[in-house]
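Structural characterization, general
Residue strings, one per chain:
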Amino acid sequence: MSDPSANSQTDDLLAPTAGLSGGVRTASKHDSGPKHVAGEAVYIDDIIEPFGTLHLAPGAATIAHGKITKMDLSKVRSAPGVVCVLTADDIPGVNDVSPAHTHDEPVLPDGLVQFYGQPVFCVAAETRAQARAAAKLADIEYEELPAVLLVDEALEKQLFVAPPHVMKQGDAASALAKAKHRRSARMEIGGQDHFYLEGQITFAVPQEDGDVLLHCSTQHPSEVQHNIANVLGRPANAVTVEVRRMGGGFGGKETQASQWAALAAIVAVKTGRPAKFRLDRDDDMIMTGKRHDFIVDYDVGFDDDGRICGLDIQYAANCGFSADLSAAIADRAMFHTDNAYYLGDVEIRSYRCKTNLVSNTAFRGFGGPQGMVAIERIIDEIAMTVGRDPLDVRIANYYGTDDRNTTPYHMVVEDNVLGDLTDDILAASDYRKRRADVEAFNAQSPVLKKGLSLTPVKFGISFTTSFLNQAGALIHVYQDGSVHLNHGGTEMGQGLFIKVAQVVAEEFQIDLDQIKITATNTGKVPNTSATAASSGADMNGMAARDAAMTIKNRLITFAAEKYGVAEAAVRFVPGKVIIGDQAELSFADVIKQAYLARVSLSATGYYATPKIHYDRENASGRPFYYFAYGMACSEVLIDTLTGENKVTRVDIIHDVGRSLNPAIDRGQIEGGFIQGMGWLTTEELWWDDKGNLRTHAPSTYKIPACSDRPEDFRMELWSSGRNVEKTIHRSKAVGEPPLMLAISVHRAIADAIASVADHKVIPALNTPATPEAVLYAVADVAKRMMQNVGQSMPAAGE
Amino acid sequence: MTQHTDITMRADIRFLLGDEERSLRNIDPQMTVLDYLRLEERKSGTKEGCAEGDCGACTVIIGEPNGDGGMAYRTVNACIQFVPTLDGKQLLTVEHLKSKDGSLHPVQQAMVETHGSQCGFCTPGFVMSLYQLWLDGGEEDRGAINDALAGNLCRCTGYGPIIEAARNAGGVAANDTTEQKRRTDLATRLSDMVKDAGTLAVEHAAGRYYAPRTSDELAALLVAHPDATVLAGGTDVGLWVTKMLKRLDPIIYIGDVADLKSVSETETAVTIGAGVTYSRAHDALGRVAADVGELIRRIGSRQIRNAGTVGGNVANGSPIGDMPPALIALGAKIVLRMGDVTRDVPLEEFFVSYGKQDRMPGEFVQSVIVPKPALGMTFKAYKISKRFDQDITAVLGAFAIRIADGKVAEFRAAFGGMAGTPMRAKKCEAALIGQDWNEASLSAAQLALASDFAPMTDMRASKEYRMLVAQNLLTKLFIETSAPDVATRLVGKEAAHV
């Protein structure tokens, strides 16, 4: 009875439960909304500091690679307000915070600098200003070593943070040899800074016995707990991590919190004083990882219709100096090489390149976007080569339902909704007519050119590291019927807490305001996975429902026994419990009676995602429980004299299954799209030839601003959406997939560029499509058009 | 303070925090308003997102008497404003907005209703920008909302719900007499707070700060302290403190100098006092030429333009400052003063080389005189950056051109981002003047431009792109002046063919 995967009958409904305030399928407002707007939501830097709180600041290396030959910190130590200075020698336990236990990420390096800006020491002072000032006073000398800053160089030198990996189906080489058409090219894909508005921060409060309580802005409290215990040389139970909310995460706080947490914890334990480490924005951007930039080389074979018959593709991911999560991220790029397309005979190779740059990390999509943006460019190039509308080539390559339905990792796509979704987006966007309109516009506009593109998203849901797909929850019901809800998921703005609370409200059939949402805490729910991989609501919702069902089942047993009715006759309806024909009690009254009858009103809940299995060695299995789908049609305008570009209209239909909360889901879709648009257009990371990141603040790193939101933005949750798998109320994960809807923007820009040569020359557009990149692509296309006059087939742009 | 015996000085900074009076003594004059709020007042609603005035999480509102019996309100970034600049003003933060009964203000309620917050960290800053719109009567136009929110970054929502909240929130009614009386009373209260109280002079162990009230006081102070840092809007100087951790001593603030705050306009020129913010100068400069107005619309953000001054943008000598190339193309002059002596300098001569201007120690920029284009003269300016709003320019091209009988009679071209200073492209100009305005002369001018400049590669653009786009801007000028039906602009379309 308490099996949460045995969905109740109400799971498939579209409408919220009548008479219940804030159950599932309700557009409940974000629980913190009224606090956010009043400045009353407490972030870690807002927690009132106890007397004596110390503040930390990092001391950074000024070379990309080399040995520290001298580190004189005497001026740092004697600076005003300085209480202690930490170096590698001051790490009491293991000097490593690598998330995958690769032992390649020192808290502070022991003599070897591996990227420009790497923290090499750390200061704690009475005030933050004093700590920052003192950190500038170090006298450090280095013996520089050759720095590898480019992926190609790392690849050539075979410098990797993890072994290369191959995924294949059939025989790509012979399929390519037999192909009617063949095209090979290279694509460069840029990285992305998370630019969460709240930077990395940990506030460490010493406890008795040398224990420590960490208020940490992290998506992964359990990992911080375990890492910091190791760093302190203490068991995990000596460290408690709590996080009420983050000011944004996007993957940037999945592993990147540990280093700062470790240093704050060491200072707290060492001095017996609370210690806060809040990174300045510039330090945050210089010292923490980003989305991986990739170089993709491909060779694709296809027929006259543009149908792919063979693909050989190679990814080189810029991982930075350490492994971090790069292996799994590079894997996910491979898993999304197909996006929505059946690739037939395919070989995918992936290299995880080690460079002397900050170690790249998780970012919304986790490698998936890089895989998808490559295949979408490939599809467009095929379409130009065979002279078909790119959308028709996309449709021709879609996965089939009965055949052509196995992925390169041999999973059968069982929940394909591509055809129906395409019908709906075609109607909503009026794509065919607008294609003609765009051509008409371009014919009469010499400077400004329009582009249009419609791209699908199919994104695999589950951690591809199978054991991570587990979650826990803890629910207490107090004697007055009020509910305390806790689970292992963290709130970074995505609305996880409200969704899970809605699940519990639905289960107990009580109003949402009776449920207290509480901070994630490793002391309440242990051994959790990161809130990542879009899995938050899927897994924590199920775990919380499991806990609620445990309590509910105890109440049913109790009530049936007490009132002498069958258990089946005890029903929870909005606000009350109907006990056969014997009684109709409020939820609070049932709770009161159960308490007096000595029924436990507290329960843990647990969930492990079913069906998934994956043999990584052979790159084969079912790594994903299901797929999330969506489609977007973007129209852009570019300026062929300057390369400036602007998205003028977007239509989106996205499949969230049966939405747990349509308002929250819409927020994820729109926000994800705009974030993806930024990645592909204005957000450019730029390092100088010394490996020094020069786009380390919002003045130089440009995320989308208000006016970048397309004037005409139309978005629908797919009305036919339903998860064929028994997920929480048949919903689908929504955190990451919408980011990749923005690939339509990049493709529309390429379409506009191609119009300069009447779509006869393939533009070599990389990402991000900055004005500079677009202008070069325009100039290149125009030049090659001139060269190609008289030739039959356009050459590939490299 | 013996060196300033002719000036009455006062040591306490007086302002209103919400409705409560503050009188601060012994405070480090370069403490930011943000640190003051969070660390001293323990009001943590205002957030630090970047500490450089680019994200808007720290947005607060400054209110001050508008000189006409009412109040003028403006949003600023608390992270780069120094506390003494609050003197005589009202500081409003997100904590000010809720009613006494605990109910949310309409702009807050609108944000909740539209699901306008996700992680919530940028939200207080957005709420303050929306509150400013509300104080100004409300706004429904998307373009105006974009401009009001350009300085507030949100990484979660994609802005849609926030735009909707702005439209839904409404605003103060023009005929709301209760509100008018409140503002009148407040203006009087603020004026009385500092009236006859003398010039603010903070002399703290960490550094000194003077806020003269007249140009004569300013001139005297600068003669006495020729090494002083002159502070206006703080949109550049603020970063010297928050990012470079510099100690500035002394600081001389010109924002309270009444006679540097005037904008005067004649038929032939607009004169902007050095203490005039971009926001206040916007209308008058927009009348000089539509593209000057469009350019100002894209300088920084609302918060930056509410603090930053035209004079400061000139005086700091940035090679990429947006205004100087336009001013040079227009033939603007600046008036410099030291002691009792003033002199005029054509702006193009003021910029000597990278980081060096023709300003002597003890001298200050008093005003900028911007001539209006003569009859028949067309002015165009193009700002190229990665992002349209609130981005530092990669290349800025500004052109004043007069075509007569199909020939280029006059032509001034100035560029930013192409050299160590904003600079005229004299070879390019020479290649065009006297020539037919056609594609051949355009090509010649583009070729000449390549010998005017040797731009640099940096994070904003490569040297190759800078040159290519600068040359293409000449093409754009040509098209806009010769083929008015051709669409040439993604933004600022209104300014394209006027």
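Our structure's up above, just so we're on the same page.
Being a predicted model, the structure only gives us computed values, none of them experimental. (Residues numbered from 1 in each chain as written. Chains lettered and ligands numbered in written order. Predicted model: local features only at pLDDT ≥ 70, side-chain atom pairs only at ≥ 80, totals over all residues. Heavy atoms only, no water.)

**Overview of helix H16 (residues 439-452) of chain B**
Quick reminder: α-helices carry 3.6 residues per turn. Residues three or four places apart thus point the same way. Residues and elements named next belong to chain B. Spelled out, the test is: Every helix listed is a DSSP run of H or I at least four residues long, and every strand listed is a run of E at least two residues long, numbered separately from the N terminus. A helix's residues, less one, multiplied by 1.5 Å, set its expected span. Between buried and exposed lies partly exposed: a residue is buried under 20% and exposed over 50% of the maximum accessible area for its type, with that area taken using a 1.4 Å probe on protein chains only. Of all possible arcs, the one meant is that of the directions from the helix axis to the C-beta atoms. Polar contacts, as used here, are pairs of N or O atoms within 3.5 Å; protein pairs need one atom able to donate a hydrogen and one able to accept it. Residues neighboring in sequence count only if both atoms are side-chain atoms.
Taking 1.5 Å per residue, 14 residues should reach 20 Å; H16 reaches 20 Å between its end C-alpha atoms and fits that length. Listing the buried residues of H16 in full gives Ser441, Leu442, Ala445, Gln446, Ala448, Leu449 and Asp452. Looking straight down H16, one finds its buried side chains confined to an arc of 165°; they lie on one side. Those residues of H16 that are exposed and aimed more than 90 degrees away from the buried face are Glu439, Ala440 and Leu447. Its side-chain oxygen at 3.2 Å from the backbone nitrogen of Ala440, Asn438 defines the N-terminal cap of H16.

**Observations concerning the packing of helix H3 (residues 123-135) of chain B against helix H5 (residues 160-168) of chain B**
Residues and elements named next belong to chain B. Test applied: Think of each axis as a best-fit line through the C-alpha atoms, taken over the contacting stretch in the case of a helix, with angles from 0 to 180 degrees between the N-to-C directions. Oblique is the label for every angle not falling under 35 degrees (roughly parallel), over 145 degrees (roughly antiparallel), or within 65 to 115 degrees (roughly perpendicular). Definitions for this section: a left-handed crossing has its near helix turned counterclockwise from the far helix by less than a right angle. A right-handed crossing has that turn clockwise. The contact definition used throughout considers only heavy atoms, calling two residues in contact when any of these lie within 4.5 Å. Think of it as three bins: nonpolar holds Ala, Val, Leu, Ile, Met, Phe, Trp, Tyr, Cys and Pro, charged holds Asp, Glu, Lys and Arg, and polar takes everything else, Gly as well.
Their axes nearest at 10 Å, the elements H3 and H5 cross at an angle of 30°. When the axes of H3 and H5 are compared, the pair comes out roughly parallel. Crossing of H3 over H5 shows right-handed handedness. Mapping the contact onto sequence places Phe126, Leu130 and Leu133 in H3 and Ile162, Ala165 and Ala166 in H5. For the contact of H3 with H5, a count of residues per class yields six nonpolar, no polar and no charged.

**Quick notes on the sheet that holds strand E12 (residues 269-273) of chain B**
Residues and elements named next belong to chain B. The condition that has to hold: DSSP-based pairing: two strands are paired if at least 2 bridges between them are found.
The five strands are arranged E11-E12-E17-E13-E14 in an open sheet whose pairing can be described as antiparallel. Two strands close off the open sheet at either side, each with one partner strand: strand E11 (263-265) and strand E14 (341-346). In this sheet, neighbouring strand axes are inclined to one another by 20° on average, regardless of whether the strands run parallel or antiparallel. Where strand E13 (residues 333-338) lies against E14, six bridges are found, and the strand directions are antiparallel. The residue bridging Met338 from the neighbouring strand is Val341, located in E14.

**Some points on the packing of aromatic side chains**
Selection rule: Put simply, two rings from Phe, Tyr or Trp (the six-membered ring, in Trp's case) pair if the centres are within 6.5 Å, and we call them stacked under 30 degrees between planes, edge-to-face over 60, tilted for the rest. For a lysine, the NZ atom is tested; for an arginine, the CZ atom; a charge sits over a ring if that atom is within 6 Å of the ring centre and within 35 degrees of the ring normal.
Applying the stated criterion to the full structure yields 28 aromatic pairs over all chains. When the ring of Tyr43 of chain A is compared with that of Phe121 of chain B, the centres are 5.0 Å apart and the planes differ by 90°; the resulting orientation is edge-to-face. Here the residue Tyr43 of chain A occupies a position in the loop between helix H1 (33-38) and strand E1 (54-60), and Phe121 of chain B occupies one in the loop between helix H2 (106-113) and H3, the pair thus bridging two chains. Residues Tyr43 of chain A and Phe121 of chain B agree in their burial class; the two are buried. Its guanidinium or amino end placed over the ring of Tyr196 of chain A, Lys253 of chain A lies 4.6 Å from that ring's centre, counting from NZ or CZ. The ring of Trp240 of chain B has Lys246 of chain B lying over it, and the distance from NZ or CZ to the ring centre is 4.8 Å.

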